[in-house]
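Spelled out from the first residue to the last, the chains are:
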Amino acid sequence: MTLLEEPIRALARRLRARELSAVELAQEALGRIRALDPAIGAYLRLTPELALEAAARADQALARDPAGASPLCGIPVAYKDVLCTRGVETTAASQILRGFVPPYSATVVERLERLGVVPLGKLNCDEFAMGSSNENSSYQTTRNPWDAGRVPGGSSGGSAAAVAARIACATLGSDTGGSVRLPASFCGVVGVKPTYGRVSRYGLIPFASSLDQIGPLTKTVEDSALVLTAIAGRDPRDSTSVEAPVEGILGQLGAGVKGLRLGIPKEYLKVGIDPSVRSVFDQAAATLERLGAELVEVTLPTTEFALSAYYVIAPAEVSSNLARMDGVRFGPGFEGDTSLREAYDSARHRGFGEEVRRRVTLGTYALSSGYYDAFYLRAQKVRTLVARDFERAFTEVDAIISPTAPTAAFELGERTGDPLAMYATDILTLPANLAGISGISVPAGFAAGLPVGLQVLGPYLGEATCFRVAQSMEEEAKVWRQLPPLSRVTA
Amino acid sequence: MSRLARLGLSGEELEKLAAQLDVIVAAVASLSAADISEVEATAQVGELRNVTRADVPAPGLSAEEALSNAAAQSAGFLRVPAIQ
């Protein structure tokens, strides 16, 4: 039994009662990382000195004013390596950012650290968060703690694996097309894609700026609510962030699902869902019905075009956002290049992996004169239709439920040779990013020993309802009480 | 496209990428079947419009901090090869 199996509130109680010090908890977390992470590969780098310093400060704050301290004070956390951390190398798992040490921290990092969290380190992901399996990291392979031969999902795979293996209490990831929810489903943890604008993106290395949101990954739904409440809110440094109340997210927890109308999109069940995943989903839906929810079939007719629209819009934004990665202000610089043109070509050729090259090229194509109308503009119009589908559905139902992904975690190497098969992994998650609405993945059960997530989607700024539904599922499924094989320390 | 995107790809890399892009572009071309007549494009979700702030100077990164990750610099400037 490790302390890291306990939910945040339980740890916070012990810390406030001084039965446990934040330094002891940090040492436990660091010890587990050293023992377990060599077989998992979730962390790209550890920050033990920063962790112990932060823990010592948290202990002082807890001693001074135990009642006034945040429940996150002294809690060990870690960040996906797309989040800038002042003074700590941040690479987005790309070679082009090897050695990049940000002079500032992301707003989410600042907000958590102000509350006294203990930062353990930076977590592996797909390069620039582009991928669905974590296999596009240019540094290392991350394994699924439930089965070392399988992927943790992506792109926030390190963030999900670390929580699943109990080598972080909570982590942050980013979700552009499912990059928090998908790995959460594959690793059996909770993952949140907040409403677009709910969380500041300042200091997030951008992938597709109109789709990106930062969200928590945790063991339990309440833990996610605590972290989301801490990071949410308007930030003058991100003009797309919105001022919106967040109290309801924690306030409505425990309200259950009685009386809620839950929509099941008929199109989502026709995307080639694995029968074992379908069976977990059907049981989950039946459970929610038994708890008092009303299940309603809804229709999202644009679903068949959403994947294509996403794989035009996201690469288009990539091609523009990654133009700054030219090796000049950060990155490898130039060695022996005789012209600026040659220096750019060389830095980007050395610095970008295959998937990034694919998306930059695809985006450049979609935005180029002659193809713009047929691809980019058309995709943006389809985006409007996707958003309208959800608006219409949410006039009939309070939330929408579906499997998070068509399958459970697949094997390492299974989809790396087939970009389209990899892209299709996101088919049930990416419509929420196109529409900018809220979503969560909560473990609902197991298929052949692998965790399966239930996705709950809510309207714009409708997180509170998503969390209620997810918590009801969690109370029945109790997946978080089961531990994956790679979380066990052997002597 | 690779030239436009400044990727510096070699002949062999280009061939592999071109074949993959053919498949991807053919797949996303299914968009042409969507009925988008009389639909406005969405570039950005949410209700925010024209977000502005007071035009008041505030401290930002120092020149030293801004240059701290540059591989080549000289007298407080970024140094790059000449444009040819």
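Treat the numbers as computed from the prediction; the structure is a model and nothing was measured.

Chemist: Before we go on, may I ask you to explain the overall build of chain B in this structure?
Modeler: Helices and strands together make up the secondary structure of chain B, namely 2 helices and 2 strands. Shown N-terminal to C-terminal, the secondary structure of chain B runs as helices and strands in the order α-α-β-β. A compact globule built from 84 residues should have a C-alpha radius of gyration of about 12 Å, whereas chain B, at 23 Å, is more than 25% larger. Viewed in the frame of its principal axes, chain B has a C-alpha envelope of about 55 × 45 × 20 Å. Taking all 84 residues of chain B together, the buried fraction comes to 13%.

Chemist: In this structure, what is going on with the nonpolar core? I would like to understand it.
Modeler: Side chains that are nonpolar tend, in soluble globular proteins, to be buried together. Formed by 180 residues in total, the largest nonpolar core has its most connected members in V118 and A309 of chain A. Counting residues per element, this core draws most heavily on helix α10 (residues 303-321) of chain A, which supplies 11 residues. Leaving out residues up to four positions away in the same chain, A309 of chain A has contacts with A379, V382, R383, V386 and L434 of chain A together with L31 of chain B.

Chemist: Got a minute to help me understand the interface of chain A and chain B in this structure?
Modeler: Often, the extent of an interface is quoted as the loss of accessible area upon association of its parts. Contact residues are listed per partner, giving 57 residues for chain A and 43 residues for chain B. Where the side of chain A that touches chain B is concerned, the elements lending two or more residues are α10, α11 (340-351), α12 (354-367), α13 (373-396) and α14 (419-424) of chain A. The greatest single-element share of the side of chain A that touches chain B, amounting to 11 residues, is contributed by α13 of chain A.

Chemist: Would you take a moment to explain the sheet that holds strand β3 (residues 118-123) of chain A for this structure?
Modeler: In sheet architecture, strand pairing relies on hydrogen bonds along the backbone and comes in two forms, parallel and antiparallel. Residue and element names in this part refer to chain A. The mixed open sheet is built from 11 strands, whose spatial order is β1-β3-β2-β4-β6-β5-β10-β11-β9-β7-β8. If you trace the sheet from one side to the other, it starts and ends with β1 (43-46) and β8 (294-298), each paired once. Neighbour-to-neighbour, the strand axes of this sheet turn through a mean angle of 30 degrees, independent of strand direction. Across the sheet, helix α7 (residues 221-231) touches β4 (170-175), β5 (190-193), β6 (213-218) and β10 (438-447), and the angle it forms with β6 is around 145 degrees.

Chemist: Help me understand unusual backbone geometry in this model?
Modeler: Both trends apply: most residues other than glycine have a negative phi, and most peptide bonds are in trans. Residues and elements named next belong to chain A. Residue S155 is bonded to the preceding G154 through a cis peptide linkage, with omega at 5 degrees. Along the chain, S155 turns up in the loop between β3 and α5 (157-164). With a phi close to 50 degrees, K478 is a non-glycine residue in the positive phi region. Tracing the chain through its elements places K478 in the segment after α16 (463-477).

Chemist: It is not clear to me how the environment of D59 of chain A should be interpreted in this structure. Could you clarify?
Modeler: Residues and elements named next belong to chain A. Assignment of secondary structure puts D59 in helix α3 (residues 48-64). Its 22 C-beta neighbours within 10 Å are what place D59 among the buried residues. Placed 37 residues apart in sequence, D59 and A22 show a C-alpha to C-alpha distance of 5.7 Å. Discounting residues that sit within four places of it in the chain, D59 has contacts with S21, A22 and V23.

Chemist: What am I meant to see in α10 of chain A here?
Modeler: For an α-helix, the turn length of 3.6 residues means that residues three or four places apart are oriented alike. All names here are of chain A. The end-to-end C-alpha distance of α10, which contains 19 residues, comes to 27 Å, matching closely the 27 Å that a straight helix rising 1.5 Å per residue would cover. When the local axis directions of α10 are compared, the greatest deviation, roughly 25 degrees, occurs at A309. Of all 19 residues in α10, 15 are buried; the element is thus mostly enclosed.

Chemist: When you look at α3 of chain A in this model, what are you seeing that I'm missing?
Modeler: Residues and elements named next belong to chain A. Between the first and last C-alpha of α3 there are 24 Å, a value that for 17 residues agrees with the 24 Å anticipated at 1.5 Å per step. Restricting attention to buried positions, one finds in α3 the residues A51, A54, A55, A58, D59 and L62. In an axial view of α3, the angular spread of the buried residues amounts to 150 degrees, which keeps them on one side of the axis. Those residues of α3 that are exposed and aimed more than 90 degrees away from the buried face are E49, Q60, A63 and R64.

Chemist: I tried to follow the environment of A424 of chain A on my own but got confused; where do I start?
Modeler: Locating A424 of chain A in the fold gives a position in helix α14. C-alpha separation for the pair A424 of chain A and L307 of chain A, spaced 117 residues apart in sequence, amounts to 7.3 Å.

What counts, and where the lines are drawn
Residues numbered from 1 in each chain as written. Chains lettered and ligands numbered in written order. Predicted model: local features only at pLDDT ≥ 70, side-chain atom pairs only at ≥ 80, totals over all residues. Helix = DSSP H or I, 4+ residues; strand = E, 2+ residues; numbered from the N terminus. Rg over C-alpha atoms; globule rule 2.2 N^0.38 Å. Buried ≥ 20, exposed ≤ 12 C-beta atoms within 10 Å, placed from the backbone. Core = buried A, V, L, I, M, F, W, Y, C linked by C-beta atoms within 7 Å. Contact = placed C-beta atoms within 7 Å. Pairing = 2+ DSSP bridges. Axes fitted to C-alpha atoms, helices over the stretch in contact; angles between N-to-C directions. Expected span 1.5 Å × (residues − 1). Bend = angle between axes of the 7 residues up to and from the residue. Arc of directions from axis to C-beta.

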